Amino acid sequence: MTAATTAPRGPGRPRDARADEAILAAALELLAEVGPTGLSVEEVAARAGVSKATIYRRWPGKDELVVASLGALVMVPDHVPEGSARDGIVYLVSQWWRTYNDSPNGMVFQRVMAHAKSNPRLFESFYDAVVEPRRELFRVALRRGIDTGEIRPDADLELLITLIIGSSVYMNQVRSSGREPAPGTGAEALVDAVLSSFLVR
């Protein structure tokens, strides 16, 4: 979790990090089940084994708690492995898809996306805490590709990242319903298709 998503400290005894972790884990679990609208501080407290007062000492309201829990959401690696830009992007996409489908994180993603229009403040926080860090990892891999001559120096990296993320969101949403989007739509095939127009020939 980043400093931006951690509640400010006040005077008094140091906070119990275990309580923080339990509260945020419970909030994420509930977000996956009922979404931001259905989440209640009372239920978070019950699942975390703490009092409501313990939560309110850390976050002044439900919105602040939800934003903090989104900051604790882990859906991507924290680095890009050495190698080509293509291999780095395949790694990032593969790890994202695996995490999305094998944990409650993917459902949290769906729940927040569904409330993007009705709760833009929450979505902005979600974008800053979850989407933007993912985009930065892709930037690292793509800039490396430009430096090594793999990717055209005039490539629009932000457009390229949007194509990768947008395609991945679609793939994950379809797979979460139990369907396969189409034959040959694994991470490697998707990355190769998106990168094809941006490679040095």
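Refer to the preceding data block for the structure.
For the structure given in this document, a descriptive report is provided here.

What counts and how
Residues numbered from 1 in each chain as written. Predicted model: local features only at pLDDT ≥ 70, side-chain atom pairs only at ≥ 80, totals over all residues. Heavy atoms only, no water. Helix = DSSP H or I, 4+ residues; strand = E, 2+ residues; numbered from the N terminus. Buried < 20%, exposed > 50% of the residue type's maximum accessible area, 1.4 Å probe, protein only. Contact = heavy atoms within 4.5 Å. Areas by Shrake-Rupley, 256 points an atom, 1.4 Å probe, with all protein chains shown as cover. Arc of directions from axis to C-beta. Phe/Tyr/Trp six-rings, centres within 6.5 Å; stacked < 30°, edge-to-face > 60°. Lys NZ or Arg CZ within 6 Å of the ring centre and 35° of its normal. Core = buried A, V, L, I, M, F, W, Y, C linked by side-chain atoms within 4.5 Å.

### Quick notes on the overall build of the chain
Looking only at helices and strands, the chain has nine helices and zero strands in total. Its helices and strands in sequence order give the chain the pattern α-α-α-α-α-α-α-α-α, from N to C terminus. By the burial criterion, 44% of the 201 residues in the chain qualify as buried. Restricting the contact set of the chain to residue pairs at least 6 apart, pairs at least 24 apart contribute 67%. When the accessible surface of the chain is summed, it comes to about 10,400 Å², and 55% of that surface belongs to carbon and sulfur atoms.

### Some points on helix α2 (residues 41-48)
Within an α-helix, residues lying three or four positions from one another point in the same direction, as the helix has 3.6 residues per turn. Residues V41, V44, A45 and A48 constitute the buried set of α2. Viewed end-on, α2 has its buried residues packed into an arc of 100°, placing them on one side of the element. Turning to α2, the residues buried within the fold contact α1 (17-38), α3 (52-58) and α4 (62-71).

### A few points about the side chain of R58
Here R58 shows up in helix α3. Exposure remark for R58: the relative accessible area of 8% places this residue in the buried category.

### Topic: the packing of aromatic side chains
Following the criterion strictly, the structure yields one aromatic pair and no others. Between R134 and the ring centre of W96, over which it is positioned, the NZ or CZ distance is 3.9 Å.

### A look at the nonpolar core
Core analysis: the biggest nonpolar cluster contains 59 residues, and V44, I55 and I89 have the highest contact counts within it. Elements supplying a minimum of two residues to this core: α1, α2, α4, α5 (85-102), α6 (105-114), α7 (120-147), α8 (157-176) and α9 (187-195). With sequence-adjacent residues up to four places away left out, I55 is seen in contact with I23, V41, V44, A45, V50 and L65.

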